[in-house]
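# Summary of the model geometry
If you want the building blocks of each chain, they are given just below.
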Amino acid sequence: MSGETVFKIQNLNTFYGAKQILKKVNLDIPPKAVTALMGPSGCGKSTLIRCLNRMNDLVLNFRYEGDIIYKGTDLYASSVDVTELRREIGMVFQKPNPFPKSIFENIAYGLRIQGVKDRDYLSGVVEESLKRGALWEEVKERLNDSALALSGGQQQRLCIARALAVKPEVILFDEPCSALDPMATAKIEELILELKKNYTIAIVTHNTAQAARVSDFTAFLYMGDLIEFEPTGKMFTAPKDSRTEAYLTGKFG
């Protein structure tokens, strides 16, 4: 594996039944940086990010052509343990999806299903994960309360902390702020900037301003094609393609 690439996507075509979504996408995602996948609705960005932890396996009639190499291994090889893969490549969804359990048990859940029973160890991981998720100070006195009682923004940070508890290497965010107000969005964005010191991050967003704020690299997708992929500052100041420029200036999207 190149030290500069975590995912190497090569000639990726994806289909739902007869409908093609992505067309010959080639993209390298670098380590310990934020890569934004940006583009209008229906351009394929969520399909692309869900290929990275094989979430599309759960979709009826999904098929793909091409290769996704993760740390030197074919992500879709029959030898890959998909459960283990999804532990290593965590995902945070558009709408917060806490379990109907206590705050503590939401974080401990992933470790419990791995067979961890030591209460002191679990407590330590819960605290560490909530701190990394920038939520500890708000919930440390109410760990036994239902996670469903938290605000939307707190629930999303809880879902991030839950993903961190099982010690992933990559975190995928699929429009994590689309259901949140501006204040909650700002907290999630601050958290993403903090997390990239230790994790490889890919984020789907249709919000160009958000891509500009949080990402180091940006991929612009349009109608299933990867139009361009550049360092974010470069793309936003000097896009190579007229479609990228039109999207960034709000002419469509």
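Residues numbered from 1 in each chain as written. Predicted model: local features only at pLDDT ≥ 70, side-chain atom pairs only at ≥ 80, totals over all residues. Heavy atoms only, no water.

This next bit is on the sheet that holds strand E7 (residues 170–174). The strand order across the open sheet formed by six strands is E6-E7-E8-E3-E9-E10, and the pairing between neighbours is mixed. In the strand order of this sheet, the two ends are held by strand E6 (89–92) and strand E10 (225–231), each with one partner. Each neighbouring strand pair of the sheet contributes to a mean axis angle of 15°, computed without reference to strand direction. Inspection of the sheet shows strand E3 (residues 34–38) paired to strand E9 (residues 217–222) by four bridges, in the parallel sense. In the sheet register, Met 38 faces E9, and the bridge partner there is Phe 220. (Pairing = 2+ DSSP bridges. Helix = DSSP H or I, 4+ residues; strand = E, 2+ residues; numbered from the N terminus. Axes fitted to C-alpha atoms, helices over the stretch in contact; angles between N-to-C directions.)

Next up on the list: the layout of surface pockets. Space inside the largest pocket adds up to approximately 670 Å³. Along its surface, the largest pocket is lined by 22 residues, and Arg 86, Arg 87, Gly 110, Ile 113 and Val 166 are the ones closest to its centre. Considering each element in turn, the lining of the largest pocket owes the most residues, five residues, to helix H2 (residues 82–88). A per-class count over the lining of the largest pocket returns 12 nonpolar, six polar and four charged. (1 Å grid on protein atoms, 1.4 Å probe; cavity = no way out; pocket = protein on both sides within 12 Å on 5 of 7 lines; lining within 4 Å. Points joined across faces, edges and corners; volume = space filled by probe spheres on them. Nonpolar A, V, L, I, M, F, W, Y, C, P; charged D, E, K, R; others polar.)

On to the sheet that holds strand E1 (residues 7–16). Strand order across the open sheet formed by four strands is E2-E1-E4-E5, with antiparallel pairing between neighbours. Across the chains shown, the open sheet's two edge strands, defined by having one partner strand only, are strand E2 (19–29) and strand E5 (73–74). Sheet topology note: the strand E4 (residues 62–70)/E5 ladder contains two bridges and is antiparallel. Bridging across to E5, Tyr 70 finds its partner in Thr 73.

Right, let's get into the packing of helix H3 (residues 103–112) against helix H6 (residues 152–165). Running from N to C, H3 and H6 cross one another at 30°; their axes reach a closest spacing of 8 Å. By the angle between their directions, the pair H3 and H6 is classed as roughly parallel. Of the two elements, H3 crosses H6, and the hand of that crossing is right-handed. Between H3 and H6, the contacting residues are Ile 103, Asn 106, Ile 107 and Leu 111 on the first element and Leu 158, Ala 161, Arg 162 and Ala 165 on the second. (Parallel < 35°, antiparallel > 145°, perpendicular 65-115°, else oblique. Left-handed = near helix turned anticlockwise from the far one by under 90°. Contact = heavy atoms within 4.5 Å.)

For the rest of this paragraph, the subject is the side chain of Asn 53. Secondary-structure assignment places Asn 53 in the loop between helix H1 (45–51) and E4. Look at Asn 53 and you get buried, because its relative accessible area is 2%. Beyond its immediate chain neighbours, meaning those up to four positions away, Asn 53 contacts Leu 85, Arg 86, Ile 89, Met 91 and Leu 172. (Buried < 20%, exposed > 50% of the residue type's maximum accessible area, 1.4 Å probe, protein only.)

Below, the discussion takes up the packing of aromatic side chains. Summed over the entire model, instances satisfying the criterion amount to eight aromatic pairs. A ring pair is formed by Tyr 222 and Phe 252, whose centres lie 5.2 Å apart and whose planes are at 55°; its orientation type is tilted. Of the two residues, Tyr 222 sits in strand E9 while Phe 252 sits in the segment after helix H10 (242–248), which places them 30 residues apart along the sequence. With relative accessibility at 26%, the residue Phe 252 sits in the partly exposed group. Each member of the aromatic cluster is reached from another via a ring pair, and the members are Phe 220, Tyr 222, Tyr 247 and Phe 252. Positioned above the aromatic ring of Phe 15, the side-chain terminus of Arg 63 is 4.0 Å from the ring centre. Across the ring face of Phe 99, the terminal group of Arg 162 is positioned such that the distance to the ring centre comes to 4.1 Å. (Phe/Tyr/Trp six-rings, centres within 6.5 Å; stacked < 30°, edge-to-face > 60°. Lys NZ or Arg CZ within 6 Å of the ring centre and 35° of its normal.)

On to the nonpolar core, then. Among the nonpolar cores identified, the biggest contains 32 residues, and Phe 7, Leu 48 and Ile 68 are the most heavily contacted of them. For this core, the elements supplying multiple residues, two or more each, are E1, E2, H1, E4, E6, E7, strand E8 (200–205) and E9. In terms of residue count, the dominant contributor to this core is E2 (five residues). Contacts of Phe 7, omitting those with residues within four sequence positions, involve Leu 27, Asp 28, Ile 29, Leu 52, Ile 68, Ile 69, Tyr 70, Ile 89 and Val 170. Counting 25 residues, the second-largest nonpolar core is a separate cluster that includes Val 34, Ile 171, Ile 192 and Val 214. (Core = buried A, V, L, I, M, F, W, Y, C linked by side-chain atoms within 4.5 Å.)

Here we come to the packing of H6 against helix H7 (residues 182–195). In contact at an axis separation of 9 Å, H6 and H7 are set at 20° when each is read in the N-to-C sense. Relative to H7, the element H6 is oriented roughly parallel. The way H6 lies across H7 gives a crossing that is right-handed. Residues Gly 153, Gln 156, Arg 157, Ile 160 and Leu 164 of H6 form the contact with H7, whose own contacting residues are Ala 184, Lys 187, Ile 188, Leu 191 and Leu 195. The class makeup of the residues in the contact of H6 with H7 is six nonpolar, two polar and two charged.

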